[in-house]
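# Breakdown of the fold
Residues per chain, in single letters:
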Amino acid sequence: MMHVVGRVLCHAAHGGVFGIVGAAIRYALALAFAQGYGLDVTAKDSALFVDLPANMLGCFVVALIADGSALRLHGGKEHASALFPPTHRIHAHACFWAGLRAGLCGSLTTFASWNTQMVRMITAPRGVLVARAICGWLLGTQLAASSYAMGNHAALSIAKYSGHARAWRPPAPPEASSHCADEKVCDIKHDDDNNNNNNNKKYSYLVDELVVGVTFVALWAIAAVGVALNWHPAELWVGCLSAPFGVYLRVYLARWNAPLSGAYVWQSSTLLEAGEGDDGNDNGNDKKWFPWGTFAANIIASVFDAFMSGAMLQCTTNCEHVLTGLELGLGGSLSTVSTWMADFHLLMNQRHGTVTRTRAYWYLISTLFVAASLSIAVYAGMRYGWVERTTS
């Protein structure tokens, strides 16, 4: 029982720290690239939306630190990242990698804020920004996908020099003997030293977990003081205060995701032995493939941000800072582009058949369509409904 509690606290602390850091970096990047502030690249009424740099960076990083299963490396998930040699102890630090991927990359990227900016543009009077909004959705998707691909290629290049071996077929099942009739499953070269090192060693990360726990409490307390004392910029402190809750809710929803990460690389040995696999043609029999958790997180956060934006149309300055901060923290950290792209990549590479590629694009397009439709209904209803009636 104590072990379970400790594990939950460990993941909560790492997710909270990296979630706060990710939201803060996203805010800083938005200012740095925004029109009239720094590099003058992005704008609130442009297809180059304000969170585009953060989404591109987050997708690149999450692919760069992908585990061995996603990169098709021997050892699979036992090798947490290609950035370190296979025998490095950091591979066994599950809390760190979960926090880095779900906390940092998940909060650094935001689907909801991007979608909400496009919704504001597409509902502008006389439809003057509709074309820009459509281009914003297309550019945001394509640049996120290409950033993920570049991160994936960089990780594979690093893996070659850090001692990882590429695997093209699954290792033999644990119960298989040295003699196996099915060469498809058993005729594989194993790198046992690399694959079993982390299984045979147990490391303690107590000091690290204590440091991260104290850091999380300190950061969250500073954000709470900033909100209470109305430090400038107010929306940043509200965002940092609420960001961990967005991470926790997204991680909770992730339990609805189909288990793609371990299965996408190869057809499972069970299917091969049963004769249900083939040489690249997906028969479409497996029904549990849709990443419902990530889908739900992005839809809920998009509707939440649309509602916050609609409420901002008739609130005071202090109220606007709070609502903007909730969009930055809670909505921004609940939604994610990095995991969305990771799911898309996993679906695209699950097998070689066209069915899974169709599924990948179905997942991509359905997320965009449902989020945009519901957000437009909420925001347009508030903008042209009761908001205009109260101002008239």
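Up top you'll find the structure we're talking about.
Residues numbered from 1 in each chain as written. Predicted model: local features only at pLDDT ≥ 70, side-chain atom pairs only at ≥ 80, totals over all residues. Heavy atoms only, no water.

### Some details on the overall build of the protein
On a plain count of helices and strands, the protein comes out with 15 helices and zero strands. The 392 residues of the protein split such that 48% are buried. A sequence separation of at least 24 residues applies to 77% of the contacts in the protein between residues at least 6 apart. Counting every atom, the protein has about 19000 Å² of accessible surface; 65% of that belongs to carbon and sulfur. (Helix = DSSP H or I, 4+ residues; strand = E, 2+ residues; numbered from the N terminus. Buried < 20%, exposed > 50% of the residue type's maximum accessible area, 1.4 Å probe, protein only. Contact = heavy atoms within 4.5 Å. Areas by Shrake-Rupley, 256 points an atom, 1.4 Å probe, with all protein chains shown as cover.)

### Details of helix H6 (residues 130–161)
In this model, H6 (32 residues) spans 47 Å end to end at C-alpha, consistent with the 46 Å of a helix rising 1.5 Å per residue. The complete set of buried residues in H6 reads Ala133, Gly136, Trp137, Gly140, Thr141, Ala144, Ser147, Tyr148, Gly151, Asn152, Ala155 and Ala159. (Expected span 1.5 Å × (residues − 1).)

### Here's the deal with the layout of surface pockets
Taken as a whole, the second largest pocket encloses approximately 880 Å³ of empty space. Together, 29 residues line the second largest pocket, and Lys44, Val50, Glu235, Thr324 and Glu327 are the ones closest to its centre. Elements with a contribution of two residues or more to the lining of the second largest pocket: helix H1 (2–33), helix H5 (111–122), helix H12 (292–311) and helix H13 (317–334). Looking at side-chain class alone, the lining of the second largest pocket contains 13 nonpolar, eight polar and eight charged residues. (1 Å grid on protein atoms, 1.4 Å probe; cavity = no way out; pocket = protein on both sides within 12 Å on 5 of 7 lines; lining within 4 Å. Points joined across faces, edges and corners; volume = space filled by probe spheres on them. Nonpolar A, V, L, I, M, F, W, Y, C, P; charged D, E, K, R; others polar.)

### Details of the pattern of salt bridges
Side chains that differ in sign of charge can pair as their charged atoms come close. Under the defined criterion, the tally for this structure stands at two salt bridges. Residue aspartate 45 is joined to arginine 132 by a salt bridge in which the shortest nitrogen-to-oxygen separation is 3.9 Å. On the criterion of sequence distance, the pair formed by aspartate 45 in the loop between H1 and helix H2 (52–64) and arginine 132 in helix H6 is long-range, its members being 87 residues apart. Accessibility expressed as a relative area gives 35% for aspartate 45, which makes it partly exposed. (Salt bridge = Lys/Arg side-chain N within 4 Å of Asp/Glu carboxyl O.)

### Focus: helix H10 (residues 234–253)
The terminal C-alpha atoms of H10 lie 29 Å apart, and with 20 residues this matches the ideal 28 Å at 1.5 Å per residue to within 8%. Counting buried positions over the 20 residues of H10 gives 14, a clear majority of the element.

### Regarding the side chain of threonine 367
Topologically, threonine 367 is positioned in helix H15 (residues 354–391). Residue class for threonine 367 comes out buried when judged on its relative accessible area of 0%. With sequence-adjacent residues up to four places away left out, threonine 367 is seen in contact with Phe111, Phe295, Asn298, Ile299 and Trp340.

### Focus on the nonpolar core
Membership of the largest hydrophobic core comes to 43 residues, with the highest contact counts inside it found for Trp114, Trp137, Val337, Trp340 and Met341. Looking at this core, the elements with two or more residues in it are H2, helix H4 (94–108), H5, H6, H12, helix H14 (338–348) and H15. If we skip the residues at most four places from it in the chain, valine 337 touches Asn55, Cys59, Thr109, Thr110, Phe111, Trp114 and Ala144. Grouped together as the second largest cluster of nonpolar side chains are 11 residues, Val17, Tyr27, Leu236 and Trp237 included. (Core = buried A, V, L, I, M, F, W, Y, C linked by side-chain atoms within 4.5 Å.)

### What about the packing of helix H9 (residues 206–228) against H10?
Closest axis-to-axis distance for the H9/H10 pair is 6 Å, and the angle between their directions is 135°. When the interaxial angle is binned, H9 and H10 end up oblique. Here H9 and H10 pass one another in a crossing that is left-handed. For the pair H9 and H10, the contacting residues are Phe216, Trp220, Ile222, Ala223, Ala224, Gly226 and Val227 in the first and Trp237, Val238, Cys240, Leu241, Pro244, Phe245 and Tyr248 in the second. In terms of residue class, the contact of H9 with H10 is built from 13 nonpolar, one polar and no charged. (Axes fitted to C-alpha atoms, helices over the stretch in contact; angles between N-to-C directions. Parallel < 35°, antiparallel > 145°, perpendicular 65-115°, else oblique. Left-handed = near helix turned anticlockwise from the far one by under 90°.)

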